[in-house]
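# Geometric and topological summary
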Amino acid sequence: MDETRQDSARQAALDYHEYPKPGKLEIRATKPLANGRDLSRAYSPGVAEACLEIKADPSTASRYTTRGNLVAVVTNGTAVLGLGNIGALASKPVMEGKAVLFKKFANIDCFDIELNEPDPVKLADIVCALEPTFGAINLEDIKAPDCFVVEKLCRERMNIPVFHDDQHGTAIVVGAAATNALHVAGKRFEDIKIVSTGGGAAGIACLNMLLKLGVKRENVWLCDIHGLVHEGREIDMNPQKAAYAQASDKRTLGEVIDGADMFLGLSGPGVLKPEMVARMAENPIIFALANPTPEILPDEVRAVAPGAIIATGRSDFPNQVNNVLCFPFIFRGALDVGATQINDAMQLACIEGIAALARATTSAEAAAAYRGEKLSFGPDYLIPKPFDPRLIGVVASAVAKAAMESGVATRPIDDLAAYRERLNGSVFKSALIMRPVFEAARNAERRIIFAEGEDERVLRATNAMLEEMTDKPILIGRPEVMARRCERAGLPIRPDRDFEVINPESDARYRDYWGSYHELMARRGVTPDLARAILRTNTTAIGAIAVHRGDADSLICGTFGQYLWHLNYISQVLGRGNLSAHGALSLMILEDGPLFIADTQVNPIPTPEQIAQTALGAVRHAKRFGVTPKVALCSHSNFGNLDSDSGRRMREALALLDAETRSFIYEGEMSIDAALDADLRARIFPGCRLEGTANILIFAYSDAANAARNMLRMKAGGLEVGPILMGMGNKAHIVTPSITPRGLLNISALAGTPVAHYG
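Note that this is a predicted model, so its numbers are computed, not measured.

### Section: the overall build of the protein
- Counting secondary structure elements, the protein contains 31 helices and 21 strands.
- By its C-alpha atoms, the protein is 95 × 70 × 50 Å across when sized along the principal axes.
- Across the protein, every contact between residues at least 6 apart in sequence was considered, and the portion connecting residues at least 24 apart equals 71%.
- Accessible area of the protein: about 32800 Å², with a carbon and sulfur share of 53%.
- Taken as two groups, the 82 positive and 91 negative side-chain charges of the protein have centres that lie 3 Å from each other.

Okay, here's the thing in structure tokens:
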């Protein structure tokens, strides 16, 4: 079974890299090129004007080219992840991945550059020659000690930031985690004894950073595969290791661990033994950062030191030391002020920014996004989550400020507060908006039932759920059909072993289910015979009854069939008490940010009351994603200039919303272009209370909303999350037949988390 899962995961990873087009990156034009006039500006003769401006003043390159927002990720493939010296070509998928992280986390454009050059001096020569192209250089996966040579030469000769992330990125995040660990432990850097394993680039850089934070050199004991780094040792030594050589006759980790306040591991699995931890200082700090298997597992530490403060490099334990907390944001700040280097002041500012964010009171947006997570500073929360939306604003602005104060900024920022706000506003301009939802879903453990369990898309989504989430999938369908389709699709999961099955043909609960349905529907014309027939053939009704009886928490249906047909059975069974479907909301993830559209399915011609109710529901869901809602009530009419049906209904809905104090911004009625264009809106209605671009569009007809949704999805490259069925307390969601496995996974994550009640 394990081999089958591994084979499936391997193939899924390969498919991810190959389809729908090879690789993870592409280049897109940012300017129009639609006619001869555009061509004459983009190239000859107009391009000469930009060339001459840059020749006269090289600093203008950041105004007229992409250089000011362009980073090179450079490697020679000699130390790639845990794969070793696999060569430059084989390292390309890793470097493309790094480039994607730059773009997704900090909107930094990035080229990956893999060089066939093992000689560190020649490698440095090549990198230095790239300076006219890039605003900064990220060195990556170059073996030690060559990486020290390359970085030193490049820093000396280049006038742009050069940053070896394997060294300094790791060191910065370790520094932030150590800062907060000492806060919790009530200790100071200058007083602690540190024992470290691993004398590679990351390990040495971490120790260097800890010295800058106040640790005393004589209190650092460095061990590697040959034992203690000591004075007079000749085997496997270099100047970087020699700086930490101890004048001691001790030779092993076991001999030097006694009384240590902190263990820092960047070595290999199982290096630190429980009996060694028992001999450390009280409430020791254990940073076991080897991946995928740490130097010691947290459970082993706690068995001998219950008060230990533990961090690892893994996401399935608290306190993951992950470079993504640092490198996108330190480069963002450095590029935005035109820094000539990333100096100690900027790195220390990055450390304090990350550490302070973990200590700060959680923002309302982060709390909403990470619902179910305990984001409270303490032993299990030393550093922020990698997807904390506040990171870019806090860290990049701190780095920018330090660059200006230390004199390396060539383009200082006048208003840092405004800069930070601008960064915060950029957080949700990508599919990363879904990550906090998945983080929250991992803590909910809800039971999600799929009505169309035999559909291959559902089976693929189920496999992904089992890999990524803690929710329990339940599939309705014939187990033998599911098993055949799983095998045909190369999926390792099997019915009744990896997920629960409700088989309409033979499930023992059939009598109870049709009885419950008849009890609910007896006075609505449903006879016992009809109830039996429906509960034997209608999988949506079966799923709804399962939720009604408490056998499942949320139903997902709609991979085939008409939306309102599914809604009929959901409303019959679950639409009781204060639950009733009042709208379908689609989140469209676009390049310039998220856009919510409603009502796409439920009410063909909604009443003013239904429009207002839809707006309130859309606001609640937007806040689940940490998005500050800006609602536009859309119509062909603009602020009363047409006496149309849609305009009248929107004006009445506006009056209903105005009848109570609201905690969100809304305005109407207005056309879509007015909702999305603040300048146009200001010309036609200067007193408008909506500022900027609306991110929630409420339509007067479901046809119009659905058309907008499909146009954005099919022609604008929008990624849809939804439709989200509002008003049903997260007990059911109806997708559409065009849904993909990824779309089903997204909606299952939403179904797997509770909806907060916002006013």
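That was the structure; now back to the text.
### Looking at the UniProt feature "domain: Malic enzyme N-terminal" (unreviewed entry) in the protein
- Per the UniProt annotation, the sites labelled "domain: Malic enzyme N-terminal" (unreviewed entry) are residues 22-155.
- What you have in residues 22-155 is 42% helix and 12% strand, and the ends, taken at the C-alpha atoms, are 34 Å apart.

### A short note on helix H15 (residues 344-359)
- The terminal C-alpha atoms of H15 lie 22 Å apart, and with 16 residues this matches the ideal 22 Å at 1.5 Å per residue to within 8%.
- Taken together, the buried positions of H15 are Met346, Gln347, Ala349, Cys350, Ile351, Gly353, Ile354, Ala355, Leu357 and Ala358.
- Summarising the contacts, the buried residues of H15 are in contact with helix H7 (146-157), strand S4 (162-164), helix H8 (165-185), helix H9 (201-212), helix H14 (327-336) and helix H17 (391-405).
- With a side-chain oxygen lying 3.2 Å from the backbone nitrogen of Ala345, the N-terminal cap of H15 falls on Asn343.

### Considering the sheet that holds strand S1 (residues 70-75)
- Strand order in the open sheet made by the four strands is S2-S1-S3-S4, with parallel pairing throughout. Pairing within the sheet leaves two strands with one partner each, and these edge strands are strand S2 (109-114) and S4. Neighbour to neighbour, the strand axes of the sheet diverge by 20° on average, direction disregarded.
- Relative to S2, S1 runs parallel, the two being bridged by six bridges. For Val73, the partnering residue across the bridge sits in S2 and is Asp112.

### Thoughts on the side chain of Gln320
- Within the secondary structure, Gln320 sits in the loop between strand S10 (309-312) and H14.
- In this structure the side chain of Gln320 is engaged in a polar contact, spanning 3.4 Å, whose partner is the backbone oxygen of Gly313.
- Excluding residues that lie within four positions of it along the chain, Gln320 makes contacts with Thr312, Gly313, Arg314, Ser315, Leu325, Ile383 and Pro386.

### Some details on the confidence of the model for the protein
- Taken residue by residue, the protein gives an average pLDDT of 91. The fraction at 70 or more is 96%.
- Taking the mean pLDDT of every element in the protein, the minimum, 45, falls on helix H16 (residues 364-369) and the maximum, 98, on helix H6 (residues 120-129).
- Counted against residues more than four places away or in other chains, residues 363-371, with its pLDDT under 50, gives 27 contacts.

### What to know about the pairing of strand S15 (residues 583-590)
- Where burial is concerned, most of S15 is hidden: eight out of the eight residues are buried.
- On S15, burial covers both faces: Gly583, Leu585, Leu587 and Ile589 on one face and Ala584, Ser586, Met588 and Leu590 on the other are all buried.
- Bridge count for S15 against strand S20 (residues 719-726) is six bridges, and the pairing is antiparallel. Bridge assignment links Leu585 to a residue of S20, and that residue is Ile724.
- Relative to strand S16 (residues 593-598), S15 is paired through six bridges, and the arrangement is antiparallel. By the bridge assignment, Met588 is partnered in S16 with Leu595.
- Joining the antiparallel neighbours S15 and S16 is a turn of two residues.

### With respect to a nonpolar patch on the surface
- Side chains of Leu33, Leu39 and Tyr43 sit close together on the surface and give an oily, nonpolar patch of about 370 Å² of accessible area.
- Mapped onto the elements of the fold, Tyr43 is located in the loop between helix H2 (36-42) and helix H3 (47-56).

### Quick word on unusual backbone geometry
- In this model, Asn291 is joined to Pro292 through a cis peptide bond whose omega is 0°.
- Counting through the fold element by element, Pro292 comes out in the loop between strand S9 (285-288) and helix H13 (298-304).
- With an omega dihedral of -10°, the bond running from Gly668 to Glu669 counts as a cis peptide bond.
- Structurally, Glu669 can be placed in strand S18 (residues 665-670).
- Even without being a glycine, Asp236 presents a positive backbone phi close to 50°.
- The residue Asp236 is located in the loop between strand S7 (227-228) and helix H10 (239-242) in this model.
- Judged by its relative accessible area of 41%, Asp236 is partly exposed.
- With a phi close to 50°, Phe639 is a non-glycine residue in the positive phi region.

### Quick word on the sheet that holds strand S17 (residues 630-634)
- Taken in spatial order, the six strands make up an open sheet running S18-S17-S19-S16-S15-S20, and their pairing is mixed. One side of each edge strand has no neighbouring strand; the edge strands of this open sheet are S18 and S20. Mean inter-strand twist for the sheet, computed between neighbouring axes without regard to direction, equals 20°.
- Contacting S17, S18 and strand S19 (696-698), helix H27 (residues 645-658) runs over the sheet at an angle of about 160° to S18.

### Points about the nonpolar core
- Counting 100 residues, the largest nonpolar core has Ile137 and Phe287 as its most contacted members.
- Leave out the neighbours within four places in its chain, and Phe287 touches Val174, Ala177, Ala178, Ala181, Met262, Phe263, Leu264, Gly265 and Ala311.
- Core analysis: the next-biggest nonpolar cluster, separate from the first, contains 57 residues, Ile433, Ala441, Met650 and Met726 among them.

### With respect to the environment of Asp498
- Among the secondary structure elements, Asp498 is positioned in the loop between helix H21 (479-489) and strand S13 (500-502).
- Distance in space between the C-alpha atoms of Asp498 and Leu466 is 8.2 Å, their sequence separation being 32 residues.
- Among the polar contacts listed, one links the side chain of Asp498 to the backbone nitrogen of Arg494, at a separation of 2.7 Å.
- A polar atom in the side chain of Asp498 sits 3.1 Å from the side chain of Arg497.

### Observations regarding the packing of helix H22 (residues 510-521) against helix H25 (residues 563-574)
- Their axes nearest at 9 Å, the elements H22 and H25 cross at an angle of 80°. With respect to H25, the axis of H22 lies roughly perpendicular. Between H22 and H25, the contacting residues are Tyr517, Leu520 and Met521 on the first element and Tyr569, Gln572 and Val573 on the second.
- A per-class count over the contact of H22 with H25 returns five nonpolar, one polar and no charged.

### Focus on the packing of H8 against H15
- Running from amino to carboxyl end, H8 crosses H15 at an angle of 45°, the nearest separation of the two axes being 9 Å. Relative to H15, the element H8 lies oblique. The handedness of the crossing between H8 and H15 comes out as right-handed. Contacts from His168, Ile172, Gly175, Ala176, Thr179, Asn180 and His183 in H8 reach Gln347, Cys350, Ile351, Ile354, Ala355, Ala358 and Arg359 in H15.
- A class-by-class count of the residues in the contact of H8 with H15 yields seven nonpolar, six polar and one charged.

Cut-offs and rules
- Residue indices follow the written sequence of each chain, beginning from 1 at its first position.
- With pLDDT at 70 or above as the cut-off, local features in this predicted model cover only qualifying residues; side-chain atom pairs require 80 or more to be listed or tallied, and sums for whole chains, interfaces and linings still use all residues.
- The side-chain quantities take in all heavy atoms of the structure and omit both hydrogens and water.
- Helix numbers and strand numbers start at the N terminus; a helix is a DSSP run of H or I with at least 4 residues, a strand a run of E with at least 2.
- Here, residues are in contact when the closest pair of their heavy atoms is within 4.5 Å.
- In this description, accessible areas are obtained by the Shrake-Rupley approach with a 1.4 Å probe, and a residue is regarded as covered only by the protein chains that are shown.
- His is not counted here, nor are the chain ends, while Lys and Arg score as positive and Asp and Glu score as negative.
- Where a charge lies is defined by one atom per residue type: Lys uses NZ, Arg uses CZ, Asp uses CG and Glu uses CD.
- UniProt positions are given in the numbering used here, feature names are shortened, and annotations may be inferred rather than shown by experiment.
- Here the expected span of a helix is defined as 1.5 Å times the quantity of residues minus one.
- When accessible area is computed with a 1.4 Å probe and restricted to protein chains, residues below 20% of their type maximum are described as buried, those above 50% as exposed, and intermediate ones as partly exposed.
- By the criterion applied in these results, polar contacts are pairs of N or O atoms within 3.5 Å in which, for protein atoms, one can donate a hydrogen and the other can accept it, and in which residues neighboring in sequence qualify only through two side-chain atoms.
- Should DSSP find at least two bridges between two strands, the strands are regarded as paired.
- To get an axis, fit a line to the C-alpha atoms, keeping to the stretch in contact for a helix; angles then go from 0 to 180 degrees between the N-to-C directions.
- Values of pLDDT, the confidence the predictor places in each residue, fall between 0 and 100.
- Note that patches include only residues with greater than 30% relative accessible area and no salt bridge, and the join distances are 9 Å for like charges and 5 Å for nonpolar side chains (Val, Leu, Ile, Met, Phe, Trp, Tyr).
- Salt bridge, as used here: a side-chain nitrogen of Lys or Arg that lies within 4 Å of a carboxyl oxygen of Asp or Glu.
- The term nonpolar core refers to a set of buried residues drawn from Ala, Val, Leu, Ile, Met, Phe, Trp, Tyr and Cys, joined through side-chain atoms within 4.5 Å.
- To sort the angles, those under 35 degrees are grouped as roughly parallel, those over 145 as roughly antiparallel, those from 65 to 115 as roughly perpendicular, and the leftovers as oblique.
- Residue type decides the class: Asp, Glu, Lys and Arg count as charged, Ala, Val, Leu, Ile, Met, Phe, Trp, Tyr, Cys and Pro as nonpolar, and the leftover types, Gly among them, as polar.
- The sense of a crossing depends on the near helix, which, turned anticlockwise from the far helix by less than a right angle, makes the crossing left-handed and, turned clockwise, makes it right-handed.

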